[in-house]
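Residues per chain are reported as follows:
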Amino acid sequence: MGTADIHIHSIYSPDATTTVRGILKQAADVGLDVIAIADHDELRGSLEAVKLAPNYGLEAIPAAEVATSDGHLVALFINKLPPSGLSLVDTLSHIGDQGGIAIAPHPFNNLPNSLSMEAVLGALANPHAKAVLKGMETYNMGTQNFDKVARKLSVYLPLAKIGSSDAHIYWAVGGAHTEFPGKTAHDLRAAIENNTTVAIPYEEEFSAKALLSWVHRITLRRFGFASDAISASTPIDTQPLSKTMRQKIKKKNKKADGD
Ligand SMILES: [Zn+2]
Ligand SMILES: [Zn+2]
């Protein structure tokens, strides 16, 4: 079995605190085989990860967490960022046209950015959208107190069960994750499409210590610092962001909210 965490946020998300190489380092340290950085309406971090991942003995998938008008959607195996604000069905069609697939992150929990059962059933009733929407998170480490409904309903849905960290801090990477037959990104995609993945929860209570840790790190970020590791053999530490990196992440950042 391989292990994957396919919903991680990097410094390219305005609400996250770890550089791409920091995430790769942590992912390698906790023994993941495949990761996807899925930043809020942003593809660049995940493309950086795809390029650097082999140095860490990992594979990375190009991905983004897209804000559809119906709620968040994790797009995988994409090369163009779908525009935000489209309906779920239109976003799925955009992803399908470029050969990608999608996962419903933290669904059915009534939080403002989550897809509703109605939206997901609507997509599954549309053959083109159904061919693209292939999985749903049944364990999301960030919303772990709200996941029960998703797990109950997942039994009735033709969607692969995914566990994800939704990490906005480095030590959460891989905390909840997905197991799949095989080892590679290709194997993972086949497992998602064949509904043979297994979602693995984070067993500890996450929210309180994560919130404190996040507040600490997001404050450091305001002052130009991030969790970073210079190389695959250097430990993760709080480091000042380079000027180039500060400019890069400033470029497109609009306020993105939550999860
Ligand atoms: Zn989200
Ligand atoms: Zn997220």
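Residues numbered from 1 in each chain as written. Chains lettered and ligands numbered in written order. Predicted model: local features only at pLDDT ≥ 70, side-chain atom pairs only at ≥ 80, totals over all residues.

Enquirer: Lay out the pairing of strand 5 (residues 71-76) in plain terms, naming residues and giving numbers.
Expert: In terms of burial, strand 5 is a largely internal element, 6 of the 6 residues being buried. As judged from the 6 bridges shared by strand 4 (residues 63-68) and strand 5, these two strands associate in the antiparallel manner. Bridging across to strand 5, valine 66 finds its partner in leucine 73. Between strand 4 and the antiparallel strand that follows it, strand 5, lie 2 residues. (Buried ≥ 20, exposed ≤ 12 C-beta atoms within 10 Å, placed from the backbone. Helix = DSSP H or I, 4+ residues; strand = E, 2+ residues; numbered from the N terminus. Pairing = 2+ DSSP bridges.)

Enquirer: Go over the packing of helix 1 (residues 20-29) against helix 2 (residues 44-52), please, and point to the residues and values.
Expert: Axis separation between helix 1 and helix 2 bottoms out at 9 Å; the angle between their running directions is 50 degrees. On the basis of the axis angle, helix 1 is oblique to helix 2. With respect to the hand of their crossing, helix 1 and helix 2 are arranged in right-handed fashion. Only Gly45, Glu48, Ala49 and Leu52 of helix 2 make contact with helix 1, whose side of the interface consists of Val20, Arg21, Ile23 and Leu24. Residue composition of the contact of helix 1 with helix 2, by class: 5 nonpolar, 1 polar and 2 charged. (Axes fitted to C-alpha atoms, helices over the stretch in contact; angles between N-to-C directions. Parallel < 35°, antiparallel > 145°, perpendicular 65-115°, else oblique. Left-handed = near helix turned anticlockwise from the far one by under 90°. Contact = placed C-beta atoms within 7 Å. Nonpolar A, V, L, I, M, F, W, Y, C, P; charged D, E, K, R; others polar.)

Enquirer: Could you give an account of helix 8 (residues 207-222), naming the residues involved and the relevant values?
Expert: The terminal C-alpha atoms of helix 8 lie 22 Å apart, and with 16 residues this matches the ideal 22 Å at 1.5 Å per residue to within 8%. Inspection of helix 8 places Ala210, Arg217 and Arg221 among the buried residues, and these make up the whole buried set. Taken down its axis, helix 8 places every buried residue within 55 degrees of arc, on the same side. Opposite the buried face of helix 8, by more than 90 degrees, sit the exposed residues Ala208, Leu211, Leu212, Val215, Thr219 and Arg222. Contacts made by the buried residues of helix 8 are with strand 11 (225-228). (Expected span 1.5 Å × (residues − 1). Arc of directions from axis to C-beta.)

Enquirer: Which residues make up the packing of helix 3 (residues 88-97) against helix 4 (residues 117-124), and what values do they have?
Expert: Running from N to C, helix 3 and helix 4 cross one another at 50 degrees; their axes reach a closest spacing of 9 Å. Taken together, the axes of helix 3 and helix 4 are oblique relative to one another. Crossing geometry of helix 3 relative to helix 4 is assigned as right-handed. Facing Leu88, Val89 and Leu92 of helix 3, the residues of helix 4 in contact are Ala119, Gly122 and Ala123. Tallied by class, the residues present in the contact of helix 3 with helix 4 amount to 5 nonpolar, 1 polar and no charged.

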